Amino acid sequence: MTGSGKQHDNIFASPQAKSDFVFDEKVAAVFTDMINRSVPGYATILSMIGVLSARYCTPGSNMYDLGCSLGGASLAMAHQIPHQDYRLFAIDNSPAMVGRLSNTLAEPGSAGLPVTVLCEDVCTTDISNASVVVLNFTLQFIAPARRAALIQRISDGLRPGGILILSEKIRFPAPSLNELFIDLYHEFKMARGYSELEVSQKRAALENVLIPETINDHKQRFQDAGFQSCDVWFQCFNFASMVAVR
């Protein structure tokens, strides 16, 4: 993902009192390992965000990576666009995450990229003259009551023909299918070295923090916000990535 935060994720390896998941320094330090072992197809999603951005980034436009964490999507975008006539804003409300991303952008190979890192609430970010906006596993952490306003803000700030790339953990309308994919996902995590205790404790920590929605919920919100078309381009178990065209 980035050059920062390569430590092994063992945050939930020992028994601990339940508390809500927080993107603090402890998480930032292991985030690369955590996200790659926790999200099926994560590397593919990042790579294809870069491909989509290279196609849709128009000269003189802005791009936004909202909830950028360590900047995996930002770097995929910046390294695949064949010109530098754009501005990319990487935004997150976690000081630990943006601090590490700022350090990464100062390293050889990334220094000089037209990326501005901001520590702020993505729901209040000014979005304008945008050709590409990315919400890569970000919307699911925003209170459901605030989501429609954020998607509308993005839609209003996109150039005609611009795109929003939304990656999310999803739920399924049918309870039986929902439970099936949750079980398969937990098996996926344990096959990558997480214990049953780690899976259980992290699930409890995320219970009130990560609120998934259905694909149809997202599609309806895109339609309501004025997007012309949208669909899923990647899905594995209960994780999906969508593209919506303004």
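All values reported here derive from a predicted model rather than from experimental measurement.

Caption draft 1: How the structure looks around the nonpolar core. Of all hydrophobic cores here, the largest spans 48 residues; its most connected members are Met-34, Met-63 and Leu-88. Membership of the second largest hydrophobic core comes to 27 residues, among which are Tyr-64, Ile-142, Ile-151 and Phe-222.

Caption draft 2: Seen up close, the sheet that holds strand 3 (residues 115–119). Judged by pairing direction, the sheet is mixed, and its 7 strands sit side by side in the order 3-2-1-4-5-7-6 without closing on themselves. Here the strands that pair on one side only, and so sit at the sheet edges, are strand 3 and strand 6 (229–236). Going from strand to strand, the sheet's axes swing by 15° on average, the running direction of each strand aside. Where strand 5 (residues 158–169) meets strand 7 (residues 239–245), 7 bridges bridge the pair, whose relative direction is antiparallel. When the sheet's bridge partners are listed, Glu-168 is paired in strand 7 with Ala-240. Across the face of the sheet, helix 4 (residues 95–105) comes into contact with strand 2 (86–92) and strand 3 while running at roughly 160° to strand 3.

Caption draft 3: Representation of unusual backbone geometry. A positive phi is found at Ser-69, a non-glycine position, where the angle reads about 50°. Looking at where Ser-69 falls in the secondary structure, it is placed in the loop between strand 1 (61–66) and helix 3 (72–80). If you check the backbone angles, Phe-237 has positive phi at about 55° while not being a glycine. Phe-237 sits in the partly exposed class, given a relative accessible area of 25%.

Caption draft 4: Representation of the packing of helix 2 (residues 42–56) against helix 3. The contact between helix 2 and helix 3 brings their axes to 8 Å, and the two run at 45°. Judged by the inter-axis angle, helix 2 sits oblique to helix 3. Seen from above, helix 2 lies across helix 3 with right-handed handedness. On helix 3, the residues touching Leu-46, Ser-47, Ile-49, Gly-50, Val-51, Ser-53 and Ala-54 of helix 2 are Gly-72, Ala-73, Ala-76, Met-77 and Gln-80. By residue class, the composition of the contact of helix 2 with helix 3 is 7 nonpolar, 5 polar and no charged.

Caption draft 5: Examining helix 6 (residues 175–191) more closely. The terminal C-alpha atoms of helix 6, which comprises 17 residues, lie 24 Å apart, in line with the 24 Å expected from a rise of 1.5 Å per residue. Every buried residue of helix 6 is accounted for by Asn-178, Ile-182, Tyr-185, His-186, Phe-188 and Lys-189. The buried residues of helix 6 occupy an angular sector of 155° when the element is viewed end-on, so they sit on one face. Facing away from the buried side of helix 6 by over 90 degrees, the exposed positions are Ser-176 and Ala-191. Looking at the buried residues of helix 6, the elements they touch are helix 1 (25–38), strand 5, helix 7 (196–206) and strand 7.

Caption draft 6: Region of the structure containing the pairing of strand 5. Most of strand 5 is tucked away, with 9 of its 12 residues classed as buried. Pairing of strand 4 (residues 130–136) with strand 5, which is carried by 6 bridges, proceeds in the parallel orientation. When the bridges of strand 5 are listed, Asn-136 appears paired with Ser-167. Regarding topology, helix 5 (residues 144–157) serves as the crossover connection from strand 4 to the parallel strand 5, and that connection is right-handed.

Caption draft 7: Expanded view of the packing of aromatic side chains. Inspection of every chain in the model, using the stated rule, returns 13 aromatic pairs. The interplanar angle of 80° and the centroid separation of 5.1 Å between the aromatic rings of Phe-21 and Phe-23 together place this pair among those described as edge-to-face. Judged by relative accessible area, Phe-21 falls into the buried class, the value being 9%. By relative accessible area, Phe-23 is classed as partly exposed at 27%. On the basis of an interplanar angle of 20° and a centroid distance of 5.3 Å, the ring pair of Tyr-64 and Phe-89 is categorised as stacked. Pair noted here: Tyr-64 is in strand 1 and Phe-89 is in strand 2, with a separation of 25 residues, a long-range link. Using a relative accessible area of 12% as the deciding quantity, one classes Phe-89 as buried.

Scoring rules and cut-offs
Residues numbered from 1 in each chain as written. Predicted model: local features only at pLDDT ≥ 70, side-chain atom pairs only at ≥ 80, totals over all residues. Heavy atoms only, no water. Core = buried A, V, L, I, M, F, W, Y, C linked by side-chain atoms within 4.5 Å. Buried < 20%, exposed > 50% of the residue type's maximum accessible area, 1.4 Å probe, protein only. Pairing = 2+ DSSP bridges. Helix = DSSP H or I, 4+ residues; strand = E, 2+ residues; numbered from the N terminus. Axes fitted to C-alpha atoms, helices over the stretch in contact; angles between N-to-C directions. Contact = heavy atoms within 4.5 Å. Parallel < 35°, antiparallel > 145°, perpendicular 65-115°, else oblique. Left-handed = near helix turned anticlockwise from the far one by under 90°. Nonpolar A, V, L, I, M, F, W, Y, C, P; charged D, E, K, R; others polar. Expected span 1.5 Å × (residues − 1). Arc of directions from axis to C-beta. Right-handed = clockwise from strand over helix to strand, strands pointing away. Phe/Tyr/Trp six-rings, centres within 6.5 Å; stacked < 30°, edge-to-face > 60°.

All we've got here are geometric facts, nothing functional implied.
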